[in-house]
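Here is how the chains run, residue by residue.
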Amino acid sequence: MHMFNPQQKLSLQGKRIIAAVGLLILLASLLSSTAAICKAQHGRKAGRTLHLRPAYPRSNNGRLNFNQRKNLPKSSPKAVQLLFRSFRPTVPFRADQRTQVGSKVSEQILESAPNGKTRRDFISPPFNGDILITAPGLYVSYTARSHRANVALWPKGVRVQQVLHIRNLIRRHILTVTQTGQETIAGMPCVILKLALYQQGNPQGLTQGKFWVNPQTGILMRYERWNSSGIVSISYITSITTGAGAHITNQDFTMRALPADAAIVPLPGPQRSLASIQQAETEAHFNTLQPSFLPGGYQLTGVWVFPHRRFPSILLRFSKGINHFSLYEQVAREKPFWKKIGPPPHARRNLISWLQRSGTQTLRITYIGHLPPHQIELIIHSLH
Amino acid sequence: MQSKNLYNIQPDPACVKTEMLFHEYIDGTLSARRIFDVEKHLTACPACSSQLQTLRDTLQMAKELPRLDTSNDFMAQLHARLDTLPSEPSQNNHAFSLNDVWLRLTSLLRPVPALGASLAVAVLLMFTLMHRPAPAAHTLSAAASAQVHQAVAQHLMQDALDPLSDPAADQLAINSSQSAQGTAN
């Protein structure tokens with residue numbers, strides 16, 4: 001006769017309950033670990049959205065109050081006039097120019113025509129034989145090593161917009177131009193101009209550049225670029241010939257001046273900045289990564305999409321006065337299975353490129369700029 | 001076989017080991033531990049102790065010999081004579097038998113020095129592994145390099161529009177980074 005054994009049934013139920021609880025715990029731990037991994041990969045929650053702003057400080061909905069306006073440093077009109085004259089010298093010239101960035105040095109032969117055309121022939125390694133031509137409507141960058149020339153056609157008025165932008169910054173007293181002295185460079189008397197960025201609590205402003213300009217011709221004889229850490233680069237003329245003796249012709253600034261059979265690579269020319277990052281993402285069909293940290297004073301000032309058949313790229317440009325840095329984002333062309341994904345551990349260069357995930361896609365991000373290393377590290381680790 | 005060992009008797013390794021230390025023992029340059037080892041062996045081995053005594057006597061006799069100075073041009077004459085000698089194929093007069101090599105090795109491989117050496121090797125390995133360059137994953141592939149070049153070309157073009165830019169400085173800064181970036185991801 002079969003007898004009901006409650007003890008046996010209880011133990012069976014107990015086993016089932018224990019198994020179910022165990023499974024639940026396992027599932028919960030799996031979920032929590034997955035969440036932790038995701039959090040670690042993203043580093044942070046979705047941060048603030050970046051908005052395009054003009055490159056000057058704002059308060060009171062973009063307007064400076066009376067006290068702020070009263071305390072703003074003033075530019076010298078003569079200095080401003082001379083700075084703008086240096087953008088387009090009045091005489092043709094041919095000069096030997098030397099450029100220094102840190103311990104690296106480059107030497108060029110610089111040719112300039114009064115109609116805004118400039119040509120640089122690089123004569124020292126590592127750019128021996130390279131040519132850079134900038135003329136109204138034309139940009140040519142020839143690399144001797146690869147025997148190819150990047151060519152872009154600039155639409156009319158693009159450069160004028162840049163000049164107007166600088167004038168706007170000066171008018172708003174965000175940038176101040178002052179004369180700080182006089183000096184003779186390569187036999188030409190020069191006026192030294194200092195370009196400083198408005199900085200609250202600092203009446204001198206933050207030096208962003210120094211210019212040695214010959215007042216008669218407007219030739220820029222020496223140029224120092226500065227950032228918050230000090231001098232970034234120096235370019236100066238070591239010898240110069242002006243006027244007819246320089247033998248400058250219009251032919252020097254055309255494609256004919258390039259070596260024969262150089263491969264021509266057309267670059268998409270510069271266009272107007274897009275209105276927002278969202279618009280760029282719609283055009284490029286991928287989601288960008290945006291920094292949640294920006295160094296003091298830097299703001300997003302431009303968004304561009306460079307079309308490509310398969311891999312369009314988005315350029316985010318951040319500015320503080322006349323200092324800029326760029327983040328280029330593009331869907332990675334290479335298969336990232338064996339590649340290290342994530343920002344590099346150290347960022348001590350002007351050009352850094354790495355792979356990073358954005359949703360389901362892997363992007364190749366390229367940073368180009370002159371920021372100090374600790375600021376670069378903060379930016380690239382804050383991308384989300 | 002006979003020529004290798006006349007009586008076909010293998011020498012006692014302890015005796016050979018001790019004999020190798022005789023000169024240093026007499027000179028007093030041995031460590032306390034080695035002196036103890038040598039003296040311990042000498043008390044137990046009359047053959048080695050008599051050999052040591054013979055060596056001591058020989059050295060004493062050599063010391064008592066009258067001192068003879070060479071002439072001033074001795075070295076010059078010696079070199080001149082050496083120069084006149086025909087060159088001979090090198091003879092390995094100091095060839096050790098395998099046994100000797102093994103004995104030397106075993107004398108070196110004492111526990112304490114061996115432990116020290118292995119520790120040093122381990123530390124060196126750790127240091128090398130910790131400070132090794134970035135892994136190969138950081139090297140730019142051709143596709144990545146093309147993307148970076150495209151970004152650089154666009155950046156330089158965009159910068160050239162700016163009247164306050166310095167294209168030569170930008171190019172130099174980017175190039176010096178690119179040469180370092182060759183190893184970056």
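Please read all numbers here as calculations on a predicted model, not as lab measurements.

Trainee: Can you help me understand the overall build of chain B in this one?
Mentor: Looking only at helices and strands, chain B features 9 helices and 0 strands. Counted from the first residue to the last, chain B has its helices and strands arranged as α-α-α-α-α-α-α-α-α. Taken over 185 residues, chain B has a buried fraction of 18%.

Trainee: Is there a simple way to explain the interface of chain B and chain A in this structure?
Mentor: Facing 38 residues of chain B, the contacting portion of chain A comprises 51 residues. The set of elements that each furnish at least two residues to the side of chain B that touches chain A consists of helix H8 (142-160) and helix H9 (167-181) of chain B. Among the elements that line the side of chain B that touches chain A, the one with the most residues is H8 of chain B, at 15 residues. Classifying every residue of the side of chain B that touches chain A by side-chain character gives 22 nonpolar, 14 polar and 2 charged.

Trainee: Is there a simple way to think about the sheet that holds strand S5 (residues 138-143) of chain A in this case?
Mentor: Two orientations exist for strands paired in a sheet by backbone hydrogen bonds: parallel and antiparallel. Residues and elements named next belong to chain A. Pairing within the open sheet is mixed, and its 12 strands lie in the order S7-S8-S9-S10-S11-S1-S2-S3-S4-S5-S6-S12. Every interior strand has two partners, whereas the edge strands, strand S7 (175-185) and strand S12 (263-266), have only one. Mean inter-strand twist for the sheet, computed between neighbouring axes without regard to direction, equals 20°. Pairing of S5 with strand S6 (residues 148-153) involves 6 bridges; the strand directions are antiparallel. Across the sheet, Leu138 pairs through a bridge with Leu153, a residue of S6.

Trainee: Help me understand unusual backbone geometry in this model?
Mentor: Trans is the prevailing form of peptide bonds, just as negative phi is the prevailing case for residues other than glycine. Residue and element names in this part refer to chain A. In this structure, Pro126 follows Pro125 across a cis peptide bond, with omega equal to 5°. Structurally, the position occupied by Pro126 is in the loop between strand S3 (117-122) and strand S4 (131-135). Unusually for a residue other than glycine, His147 sits at a positive phi of about 55°. Owing to 13 C-beta atoms within 10 Å, His147 belongs among the partly exposed residues under this scheme. In this structure, Ala186 is a non-glycine residue whose phi angle is positive, near 50°. With respect to the helices and strands, Ala186 occurs in the loop between S7 and strand S8 (188-199).

The rules behind these values
- Residues numbered from 1 in each chain as written.
- Chains lettered and ligands numbered in written order.
- Predicted model: local features only at pLDDT ≥ 70, side-chain atom pairs only at ≥ 80, totals over all residues.
- Helix = DSSP H or I, 4+ residues; strand = E, 2+ residues; numbered from the N terminus.
- Buried ≥ 20, exposed ≤ 12 C-beta atoms within 10 Å, placed from the backbone.
- Contact = placed C-beta atoms within 7 Å.
- Nonpolar A, V, L, I, M, F, W, Y, C, P; charged D, E, K, R; others polar.
- Pairing = 2+ DSSP bridges.
- Axes fitted to C-alpha atoms, helices over the stretch in contact; angles between N-to-C directions.

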